[in-house]
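What follows is each chain in one-letter form.
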Amino acid sequence: MKALEREPDDRLLIEAAQRHPAQFAELYEQNFGRVYAFFARRVSTREQAQDLTAEVFHQALASLQSFTWQGAPFISWLYGIAANVLSAHWQKVGRDPEQLAEEWDRGGADEIERRAMLAELVEKLPADQGMVILQRFVQQRSIREIALTLSRSEGAVKQLQLRALENLRGEIGRQR
C-alpha cells in the first residue's frame, strides 16, 4: 500500500531529477535501503553490497534521462538494474546466473520485501535510534565505535539499541 501512495511522489521526483540531476539525491535516499538489502542477502561482504548498490545508483543516474514513467514503482526499475549489476558481478567472480535465478524463485523476492519493510521501519525510528541500528547492523560497527561516532557512552548506545529493537519488534508485531 505504501508503494502505491509513493507513486505520485516518485513521479514528481523523477521528473525533477530529469530536469536537474542534483534532485536525484531524494530518490537515492528513499530507495537506498531496499537496493542495499537486495545485495546484502546475495553477496558475502558488506563492502561488496555497498559497491554494487553504488553501481546501481550510478547507472540509474546515468540513464535517468531515458527513463519513461509507465506506472510501475521506481524501485522496480532500480531492481531491474540491480539484477543486471548482480548478474555481471557473478559472471565476473564465476557464479552461475541460473543458480541465482533459482535462489530468487525459492524466496528471494519475499526476503527483499521483508528487508525493505524493515528499512522503512528503521527510517521511522527517532534519529539517534535509527543511527545506532544502521551503524550496528548495516555497517557492522561495534558499540565502542558507535559511541565514539555519536560522542556518547557505550552504555547510552546500548540503551539506544535496546529501545530501537523494542520499537522495531513492536512495529513488526502490529504489521502482522
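Structure: see above.
Quantities reported herein were computed from a predicted structural model and do not represent experimental measurements. (Residues numbered from 1 in each chain as written. Predicted model: local features only at pLDDT ≥ 70, side-chain atom pairs only at ≥ 80, totals over all residues. Heavy atoms only, no water.)

Explain the overall build of the protein to me, please; I cannot follow it from the model alone.
Helix and strand content of the protein: eight helices and zero strands. Long-range contacts, defined here as pairs at least 24 residues apart, represent 62% of the contacts in the protein between residues at least 6 apart. Counting every atom, the protein has about 10600 Å² of accessible surface; 50% of that belongs to carbon and sulfur. (Helix = DSSP H or I, 4+ residues; strand = E, 2+ residues; numbered from the N terminus. Contact = heavy atoms within 4.5 Å. Areas by Shrake-Rupley, 256 points an atom, 1.4 Å probe, with all protein chains shown as cover.)

Help me understand the packing of aromatic side chains, please; the structure alone is not making it clear to me.
To describe a pair of aromatic rings, you give the distance between the ring centres and the angle between the ring planes. Across all of its chains, the model carries nine aromatic pairs by this definition. Where Phe-67 meets Trp-77, the ring centres are 4.8 Å apart and the plane angle is 65 degrees; that geometry is what we call edge-to-face. Of this pair, Phe-67 sits in the loop between helix 3 (46-62) and helix 4 (74-93) while Trp-77 sits in helix 4, and the two are ten residues apart along the sequence. A relative accessible area of 11% means that Phe-67 is categorised as buried. Here the aromatic cluster, defined as three or more aromatic residues joined through ring pairs, consists of Phe-24, Tyr-28, Phe-32, Tyr-36 and Phe-57. Here the basic side chain of Arg-42 rests over the ring of Phe-38, its NZ or CZ set 4.5 Å away from the ring centre. (Phe/Tyr/Trp six-rings, centres within 6.5 Å; stacked < 30°, edge-to-face > 60°. Buried < 20%, exposed > 50% of the residue type's maximum accessible area, 1.4 Å probe, protein only. Lys NZ or Arg CZ within 6 Å of the ring centre and 35° of its normal.)

What's the story with the packing of helix 6 (residues 127-138) against helix 8 (residues 154-175) in this structure? I'm lost.
The description of two packed helices rests on the angle between their axes and on the distance between the axes. Here helix 6 crosses helix 8 at 95 degrees, and the two axes come no closer than 9 Å. It follows from the interaxial angle that helix 6 and helix 8 lie roughly perpendicular. Facing helix 6, whose interface residues are Asp-128, Gln-129, Val-132, Ile-133, Arg-136 and Phe-137, helix 8 presents Val-157, Leu-160, Gln-161, Arg-163, Ala-164, Leu-165, Asn-167 and Leu-168. A class-by-class count of the residues in the contact of helix 6 with helix 8 yields eight nonpolar, three polar and three charged. (Axes fitted to C-alpha atoms, helices over the stretch in contact; angles between N-to-C directions. Parallel < 35°, antiparallel > 145°, perpendicular 65-115°, else oblique. Nonpolar A, V, L, I, M, F, W, Y, C, P; charged D, E, K, R; others polar.)

Honestly, unusual backbone geometry in this entry has me stumped. Any pointers?
Both trends apply: most residues other than glycine have a negative phi, and most peptide bonds are in trans. Unusually for a residue other than glycine, Ser-151 sits at a positive phi of about 55 degrees. Within the secondary structure, Ser-151 sits in the loop between helix 7 (143-150) and helix 8.

Looking at this structure, I do not really get a negative patch on the surface. What am I missing?
There is a patch of like negative charges on the surface, built from Asp-9, Glu-26, Glu-29 and Glu-123. Relative to the helices and strands, Glu-123 resides in helix 5 (residues 97-124). (Patch = residues over 30% accessible without salt bridge, like charges linked within 9 Å, V, L, I, M, F, W, Y side chains within 5 Å. Salt bridge = Lys/Arg side-chain N within 4 Å of Asp/Glu carboxyl O. Lys, Arg positive; Asp, Glu negative; His and termini not counted. Charge placed at Lys NZ, Arg CZ, Asp CG, Glu CD.)

Where do I start with the nonpolar core in this structure?
When a protein is soluble and globular, its nonpolar side chains tend to lie buried together. Counting residues in each nonpolar core, the largest one holds 26 residues, and the members touching the most others are Phe-24, Phe-39, Val-56, Phe-74 and Leu-78. For this core, the secondary-structure elements that each account for two or more residues are helix 1 (2-19), helix 2 (24-40), helix 3 and helix 4. Sequence-distant contacts of Val-56, that is, excluding residues within four places in its chain, are made with Val-35, Phe-39, Leu-78, Ile-81, Ala-82 and Val-85. (Core = buried A, V, L, I, M, F, W, Y, C linked by side-chain atoms within 4.5 Å.)

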